[in-house]
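Listed here are the chains, written in short residue letters.
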Amino acid sequence: AEDMQYRLRTGEIVDETLYPKVPHMRSEEARLDTFASWPSNSPMRPTDLAQAGLYYMGQNDLVQCFCCAGMMGAWESGDSAWEEHEKHYRNCFFILGHDVGNMPLVG
Ligand SMILES: [Zn+2]
């Protein structure tokens, strides 16, 4: 996958209170709901993307992180949602394991 926008610079001091960037997508269930029109030919599964903090933006295969607002697209076979997120936005507080209010699916 390619990063479509680079919001967090390596080593930059960021104010944690500004996160998550997209609070209404803190819930994994809400994120999963955005994938209703996810392209069926994409190698990526909505469940994996939602789990990695990503939700569908409704265009092509473009997804965005609820926490860092980093955008990714052009997913390829063999990509891992979590690894791509980490690769492109490694200062993301969700990726770093901070409590940013993520609400995982229950059960
Ligand atoms: Zn992120």
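The text that follows walks through the structure, step by step, so that each part is easy to find. This one's a predicted model, so the numbers in the text were calculated from it and none came from an experiment.

## Brief notes about the overall build of the protein
Counting its regular elements, the protein contains three helices and four strands. Along the protein, helices and strands appear, N-terminal first, in the series β-α-α-β-β-β-α. Going through the 107 residues of the protein one by one, you find that 43% of them count as buried. Put simply, 54% of the contacts in the protein that link residues at least 6 apart link residues at least 24 apart. When the accessible surface of the protein is summed, it comes to about 6000 Å², and 47% of that surface belongs to carbon and sulfur atoms.

## Here we look at the coordination of the zinc ion
Those protein atoms acting as donors to the zinc ion are C65 (SG), C68 (SG), H85 (NE2) and C92 (SG), and they sit at 2.0 to 2.3 Å. Taken together, the four donor atoms surrounding the zinc ion define angles of 101 to 118° at the centre, an arrangement classified as tetrahedral. In primary sequence terms, the donor set of the zinc ion follows C-x2-C-x16-H-x6-C. One end of the pair, C68, is in the loop between β3 (63-65) and β4 (71-73); the other, C92, is in the segment after α3 (81-88), with 24 residues separating them in the sequence. By relative accessible area, which is 0% here, C68 ends up buried.

## Some words on the packing of aromatic side chains
Tallied over the full model, the rule gives six aromatic pairs. For the ring pair Y19 and F93, a centre distance of 5.2 Å and an interplane angle of 75° mean the geometry is edge-to-face. Residue Y19 is found in the loop between β1 (2-5) and α1 (28-33), and its partner F93 is found in the segment after α3; the two are separated by 74 residues along the sequence. One exposure class covers both Y19 and F93, and it is buried. Taking 4.9 Å as the distance between ring centres and 90° as the angle between the ring planes, the aromatic pair formed by W38 and Y56 counts as edge-to-face. Taken together, the residues span a long stretch of sequence, with W38 in the loop between α1 and α2 (46-51) and Y56 in strand β2 (residues 54-56) at a distance of 18 residues. Note on Y56: relative accessible area 8%, which makes it buried. An aromatic cluster is present here, built from F35, W38 and Y56 joined pairwise through their rings.

## Let's talk about the pattern of salt bridges
Tallied over the full model, the rule gives two salt bridges. The partner of D48 in a salt bridge is R45, and the shortest N-O contact between them spans 3.3 Å. Judged by its relative accessible area of 30%, D48 falls in the partly exposed class.

## A word on the environment of C65
For C65, the position within the fold is in strand β3. For the pair C65 and M25, spaced 40 residues apart in the sequence, the C-alpha separation amounts to 8.5 Å.

Quick notes on the rules
Residues numbered from 1 in each chain as written. Predicted model: local features only at pLDDT ≥ 70, side-chain atom pairs only at ≥ 80, totals over all residues. Heavy atoms only, no water. Helix = DSSP H or I, 4+ residues; strand = E, 2+ residues; numbered from the N terminus. Buried < 20%, exposed > 50% of the residue type's maximum accessible area, 1.4 Å probe, protein only. Contact = heavy atoms within 4.5 Å. Areas by Shrake-Rupley, 256 points an atom, 1.4 Å probe, with all protein chains shown as cover. Donors = N, O, S within 2.8 Å, 3.2 Å for Na, K, Ca; no water. Tetrahedral: all angles 85-135°; square planar, octahedral: opposite > 155°, others 65-115°. Phe/Tyr/Trp six-rings, centres within 6.5 Å; stacked < 30°, edge-to-face > 60°. Salt bridge = Lys/Arg side-chain N within 4 Å of Asp/Glu carboxyl O.

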